[in-house]
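# Observations on the model geometry
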4 protein chains.
Amino acid sequence: MIQVDLNSDLGESFGSYKIGMDEAVLPLVTSANIACGFHAGDPAVMQKTVQMALASGTAIGAHPGLPDLVGFGRRKMEVSPEDAYCMVVYQVGALAAFVKSAGGRLQHVKPHGALFNMAAKDARLADAIAAAVHDVDDRLILYGLSGSELVKAAGRAGIRSASEVFADRSYQPDGSLTPRSRAGAMIEDEEASIAQVLSMVVKHEVRTLSGEVIPVQADTLCVHGDGPKALMFSQRIRTALAEAGVGIKASGEFIR
Amino acid sequence: MIQVDLNSDLGESFGSYKIGMDEAVLPLVTSANIACGFHAGDPAVMQKTVQMALASGTAIGAHPGLPDLVGFGRRKMEVSPEDAYCMVVYQVGALAAFVKSAGGRLQHVKPHGALFNMAAKDARLADAIAAAVHDVDDRLILYGLSGSELVKAAGRAGIRSASEVFADRSYQPDGSLTPRSRAGAMIEDEEASIAQVLSMVVKHEVRTLSGEVIPVQADTLCVHGDGPKALMFSQRIRTALAEAGVGIKASGEFIR
Amino acid sequence: MIQVDLNSDLGESFGSYKIGMDEAVLPLVTSANIACGFHAGDPAVMQKTVQMALASGTAIGAHPGLPDLVGFGRRKMEVSPEDAYCMVVYQVGALAAFVKSAGGRLQHVKPHGALFNMAAKDARLADAIAAAVHDVDDRLILYGLSGSELVKAAGRAGIRSASEVFADRSYQPDGSLTPRSRAGAMIEDEEASIAQVLSMVVKHEVRTLSGEVIPVQADTLCVHGDGPKALMFSQRIRTALAEAGVGIKASGEFIR
Amino acid sequence: MIQVDLNSDLGESFGSYKIGMDEAVLPLVTSANIACGFHAGDPAVMQKTVQMALASGTAIGAHPGLPDLVGFGRRKMEVSPEDAYCMVVYQVGALAAFVKSAGGRLQHVKPHGALFNMAAKDARLADAIAAAVHDVDDRLILYGLSGSELVKAAGRAGIRSASEVFADRSYQPDGSLTPRSRAGAMIEDEEASIAQVLSMVVKHEVRTLSGEVIPVQADTLCVHGDGPKALMFSQRIRTALAEAGVGIKASGEFIR
């Protein structure tokens, strides 16, 4: 049976600042990526989000980011592999402590934003992140863009990885995402998005923006929860996957 | 055989900013309290300090503080017990991850500065901190001022504690330290300091500023490493304790 | 003619985090207190809010707070008068630069949250804040709780002050606000709130929670904009004041 | 008479963290670049450094940097021109307020570290920074690497600039500094450094690493104060310049 994980970024509130509809998203996904205080999240938000995820039976991952709260971790920073290693160990350790204190177990690590994007293409940065995840707990699963250096680095580090795909982004012939600055980067049509998801998950292939069909590994699908429309679309994807006979499971249940 | 632990605050550098003489202090103490990034320290400093402590055979503790880098965690802040719980879980988890990634094991937790002082007198804050330590790892030892609420809270939480004493501070009849603002708070004379340490460690009693002799529990002695004079004095204390037949050991080896 | 200023806290968003309904509030008030980056706000938010206020003809004030973003500046911190002086100079200077760069002029300074509350009762802190405002620009008006040390400190520093009153808080016989922890602290009934405002602004007196009528200085009224209900209530207050013949003006136009 | 300014980065301490020998450097330079709290410095340090500079008669400049305290503003960050504009307005305004409150007047602005380096080559970033300086106070002088986009942007913005040169760095044929990663980037020999300074200041030319002689504008020379050796070298440069008949003056006294 084909299986896929649905993941979403949660716990992004900070102090008096609220972002996201975490309570509504949790039942729709199988894995929650919880911010760790560098680009979003604070200790109290982390605790609360971990407790909510455990209560809903959603698997928990750390979502470490660059130390840039005002930029929400989306601005590239020139961090050395050594710095990346340390910031991942720090953030994963902090989140793991909340999970442990609430009686749970951390499943995965998904780097956030610019750190995720830089590590997709920079093998040294990817190796540093994979080593950090390995050294904190070698049973953790590292989430990376399908085909990226991050996924390859997980293999080199001897830890499991989950290859992530996107419903609303078009692909390039080399398997990378079309940059947001280019026309056609976003797939606006929901039917087209769902068709792309089914193709990626069931047939392991995707049609690129320029028309070629290329192979793709689809272990986990990123789902957004920032608004009622996004939530409804996530529900539609769940339904379409189920109708296609795909099992929707947390990555820890099927990734080897 | 009477045993005592010598602890010191280490890993307080931050980015380009250097504080302390960590390499010189490490061989003189049995337990290192390593800053966790809130009042001092950063991920790279934490990693390096953990590695140095492991290399020198010094036991490692987390030294969580208030989120006040510019105030070095020394300014009182109105934090709720819930906030204190979360900030301790976060910081202890982060440091524990560095210890684990370097192949070691965390021994203890010593709250820093204003958090330490507030928790000495505030039972609710002390209970929150003790619960956080317990929930992250119930084998950890909580360091608190001898006779303080923090030590009592450890007992209520079912974790071990180490009662801390000071060589260079005078005591009040109720067992508290004479506030720094009062005359006689600091013991300037080194001979008198060493005599006070021996009395506390060997006889479990201390003569207060006003002359009474009161009982005191002395599991661990705080040692400063901020300058050549402090280092030399720490060496003198080690010698005096050894000559008195006291075993100098990390708290994890003798606290039950 | 009796005149009163209506002020509201604006520019409290931070990076990707949005707080407040600034566009809707601006036309309802005569003075905007704009956060300066310590407890809320960031440089880009400050610029945008200043531009919006200038466009709507609302007078601009700096709203400096404690360096505690996660606590939104609402947690008391043990800051020295010297530290308070410096943090006010810094934040007022930063906001004034945005106002100047946009072609405007800063009108006032209103300390935020815990800094406002601490300075209401602590004369040394209040003097430090008033001195900071004076030293940056002695034409600025300092906003403080009516009858508070902050208002008195403005007088001692030789700068103007605006005495602030609240529509939805009950008063104690000494002129202070009933602490939120006590019953009767909040005035829930809108008619009663409006009656209190009219009494304070027109008759310069207020009936305390225990029934006495005491004198009160009401130069400026704090108005909330956190939700449609608050906005509607602000509109009601404007109407009631206008019907009572009160001129609604920015403090800079009538405070001497 | 040929004139040159000597500038140095000061006020880089933060809270309990001390960096630099500001008291010793101040008498050796004519212009102080004072950190503004983003990459280094805090409000209390800014106040103290401003007071020291005024007391020593050294002209004062703002030294705004990227919001990256742990990286000391030396790591490149992907900041938009809009963000750069706002972070410069904010920091210059904050420092200017300390200068004004101490009875002085801000002379210049020198971007720090990665912001300085990025703006040297990126015309849009340079324009944003020059516009920020212009909008805060159009009498300020913008310091930039000689021949850089920052200097050109000052011209486009209608403000004065000071072209900065370095004693201890070798130059490339296009007038840029040899990257530190390449051999020959640093000029280790003090005699060679002094000869380069004299050539740049007196003859307006410099011999590049590859041997060509190229023209260079030298309004201000960057001087380091991080250690006794650097201080002694600064003194030697002063002496050599004086012997060559060069006037050592703050840029505000001769830049038009």
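Reading the values: rules and limits
Residues numbered from 1 in each chain as written. Chains lettered and ligands numbered in written order. Predicted model: local features only at pLDDT ≥ 70, side-chain atom pairs only at ≥ 80, totals over all residues. Heavy atoms only, no water. Least-squares fit on C-alpha atoms with pLDDT ≥ 70 in both. Contact = heavy atoms within 4.5 Å. Axes fitted to C-alpha atoms, helices over the stretch in contact; angles between N-to-C directions. Helix = DSSP H or I, 4+ residues; strand = E, 2+ residues; numbered from the N terminus. Left-handed = near helix turned anticlockwise from the far one by under 90°. Buried area = accessible area lost by both parts, 1.4 Å probe. Salt bridge = Lys/Arg side-chain N within 4 Å of Asp/Glu carboxyl O. Nonpolar A, V, L, I, M, F, W, Y, C, P; charged D, E, K, R; others polar. Phe/Tyr/Trp six-rings, centres within 6.5 Å; stacked < 30°, edge-to-face > 60°. Buried < 20%, exposed > 50% of the residue type's maximum accessible area, 1.4 Å probe, protein only. Lys NZ or Arg CZ within 6 Å of the ring centre and 35° of its normal. Core = buried A, V, L, I, M, F, W, Y, C linked by side-chain atoms within 4.5 Å. pLDDT = per-residue confidence, 0-100. Polar contact = N/O pair within 3.5 Å; in protein donor to acceptor, adjacent residues only side chain to side chain.

What follows deals with the relation of the copies chain B and chain A. When chain B is brought onto chain A, the operation consists of a screw motion whose angular component is 180 degrees and whose axial shift is 0.0 Å, with 0.1 Å RMSD remaining. The two molecules are tied by a two-fold rotation axis, judged by turn and shift. When the interface residues of chain B are mapped onto chain A, 100% of them again lie at the interface, so the same face is used by both copies.

A few words on the packing of helix 3 (residues 81-101) of chain C against helix 5 (residues 123-136) of chain C. All names here are of chain C. Relative orientation of the contacting elements helix 3 and helix 5 amounts to 35 degrees, with a least axis distance of 8 Å. Crossing of helix 3 over helix 5 shows right-handed handedness. Residues Pro81, Ala84, Tyr85, Val88, Val89 and Val92 of helix 3 touch helix 5, and the partners they reach there are Arg124, Leu125, Ala128, Ile129, Ala131, Ala132, Val133, Asp135 and Val136.

Between chain B and chain A, the residue contacts involve 22 residues of the former and 22 residues of the latter. Taken over both partners, the interface formed by chain B and chain A buries close to 1700 Å², and the fraction arising from carbon and sulfur atoms is 68%. At the boundary of chain B and chain A, one finds zero salt bridges. It is helix 3 (residues 81-101) of chain B that contributes the most residues to the side of chain B that touches chain A, twelve residues altogether. Residue composition of the side of chain B that touches chain A, by class: 14 nonpolar, four polar and four charged.

Our focus in this paragraph is the packing of aromatic side chains. Summed over the entire model, instances satisfying the criterion amount to 16 aromatic pairs over all chains. Considering the side-chain rings of Tyr17(A) and Phe14(C), the 6.4 Å spacing of their centres and the 40 degrees angle between planes classify their relative orientation as tilted. Taken together, the residues Tyr17(A) in the loop between strand 1 (3-10) and helix 1 (22-25) and Phe14(C) in the loop between strand 1 (3-10) and helix 1 (22-25) connect one chain to another. The pair formed by Tyr17(A) and Phe14(C) is uniform in burial state, with each residue classed as buried. Plain terms: the ring middles of Tyr17(B) and Tyr17(D) are 5.4 Å apart, the flat faces sit at 40 degrees to each other, and that makes the pair tilted. One end of the pair, Tyr17(B), is in the loop between strand 1 (3-10) and helix 1 (22-25); the other, Tyr17(D), is in the loop between strand 1 (3-10) and helix 1 (22-25), on a second chain. Under the relative-accessibility criterion, Tyr17(B) is labelled buried at 0%. Members of the aromatic cluster, each reached through a chain of ring pairs, are Phe14(A), Tyr17(A), Phe72(A), Phe14(C), Tyr17(C) and Phe72(C). Just above the ring of Phe116(C) sits the side chain of Lys110(C); from NZ or CZ to the centre is 5.7 Å.

Residues Leu95(A), Leu95(B), Leu95(C) and Leu95(D) are the most contacted members of the largest nonpolar core, which totals 310 residues. When sequence neighbours within four positions are dropped, the list of residues in contact with Leu95(C) reads Ile34(C), Cys36(C), Met46(C), Val50(C), Ile60(C), Gly61(C), Ala62(C) and Leu106(C). One finds Phe72(B), Ile19(D), Leu69(D) and Phe72(D) within the second-largest nonpolar core, a separate group that totals 14 residues.

Attention now moves to the confidence of the model for chain A. When pLDDT is averaged along chain A, the result is 96; 100% of the residues meet or exceed 70. Quick note on the complex model: pTM equals 0.97, ipTM equals 0.96.

Every contact between the two is made by 15 residues of chain A and, on the other side, 15 residues of chain C. Roughly 1100 Å² is buried in total at the junction of chain A and chain C, and carbon and sulfur atoms are behind 70% of that figure. Looking only at chain A, the three residues that lose the most surface to chain C are Ser16(A), Tyr17(A) and Val70(A), adding up to 56% of its buried area. At the boundary of chain A and chain C, one finds zero salt bridges. Taken together, the connections running from chain A to chain C amount to two residue pairs in polar contact (both at pLDDT 80 or more).

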